[in-house]
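Chain residues, written in single-letter form:
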Amino acid sequence: MPLSILIDPSNKCNFKCTLCPTGDKELLKSVGRTEEIMSIKTFKKIAKDLLDWRESTGSIPKQIGFYKDGEPLLNEHLREFISTISRNNLSHRTYLTSNGALLTKQKSIDLAMSGLTEIRISVEHVTDKGYSTITQTKVPYRKILENIRCLWKVKQDLDSKLHIHVKTISDILTNEEKDQFLA
């Protein structure tokens, strides 16, 4: 059994980040990669394979990440995917990485209740201009901040053990912007 498995609920993304190959539609086209959302049927096959492996060997992966190339929150079945892995004890730990833009209150509740162990939220900048430049979208920084605060509140209200890890690439930030991120 591998120590770590990545399950990509969506290789699509709502951002077109200049730092990420997923945001470069021409590059993806040139290598023949289509954009897709994982189906329940495909996920059930993965879960069955993991269950069969556990039953035949007694081992499970140390971690399963629900992220590889896209934004996992684009998949409307994400809670079911995570819950299936957690409920069936098919991994010691589960995590996902998100840009946080689609993190509504309901999705925060779903994630906190799904059995997810950790969520990593990538904050691309601490200003609207920086966000626009990097993500090539009109999502304001304050929206990301509000979504993270909402997730934190949901975690507290539900007494969830979900670990929230917020990260950024500090090389592109000024010292003032780094301080703003840490505040």
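An account of the accompanying structure is given in this report. (Residues numbered from 1 in each chain as written. Predicted model: local features only at pLDDT ≥ 70, side-chain atom pairs only at ≥ 80, totals over all residues. Heavy atoms only, no water.)

## Description of the packing of aromatic side chains
Thought 1: Overall, the coordinates contain three aromatic pairs when judged by the stated rule.
Thought 2: Plain terms: the ring middles of F15 and Y131 are 6.3 Å apart, the flat faces sit at 75° to each other, and that makes the pair edge-to-face. Of the two residues, F15 sits in the loop between β1 (4-6) and α1 (25-30) while Y131 sits in helix α5 (residues 128-135), which places them 116 residues apart along the sequence.
Thought 3: According to the relative accessible area criterion, Y131 is buried, its value standing at 0%.
Thought 4: For the ring pair F43 and F81, a centre distance of 4.3 Å and an interplane angle of 15° mean the geometry is stacked. Here F43 is found in helix α2 (residues 40-57), whereas its partner F81 is found in helix α3 (residues 78-87), with 38 residues between them in sequence. Here the two residues F43 and F81 agree in accessibility, since each one is buried.
Thought 5: Ring pairs connect the aromatic residues F15, Y131 and Y141, which therefore count as one cluster.
Thought 6: R120 extends its terminal NZ or CZ atom over the ring of Y95, reaching a point 4.1 Å from the ring centre. (Phe/Tyr/Trp six-rings, centres within 6.5 Å; stacked < 30°, edge-to-face > 60°. Helix = DSSP H or I, 4+ residues; strand = E, 2+ residues; numbered from the N terminus. Buried < 20%, exposed > 50% of the residue type's maximum accessible area, 1.4 Å probe, protein only. Lys NZ or Arg CZ within 6 Å of the ring centre and 35° of its normal.)

## Overview of the nonpolar core
Thought 1: In this structure, F43, F66, L96, L111, I119 and I144 are the most contacted members of the largest nonpolar core, which totals 36 residues.
Thought 2: Every element with two or more residues in this core is listed here: α2, α3, β4 (118-122), α5 and α6 (141-157).
Thought 3: Ignoring anything within four residues of it in the chain, the contact list for I144 reads F15, N99, G100, A101, V123, Y131 and V139. (Core = buried A, V, L, I, M, F, W, Y, C linked by side-chain atoms within 4.5 Å. Contact = heavy atoms within 4.5 Å.)

None of this, on its own, says anything about what the molecule does.
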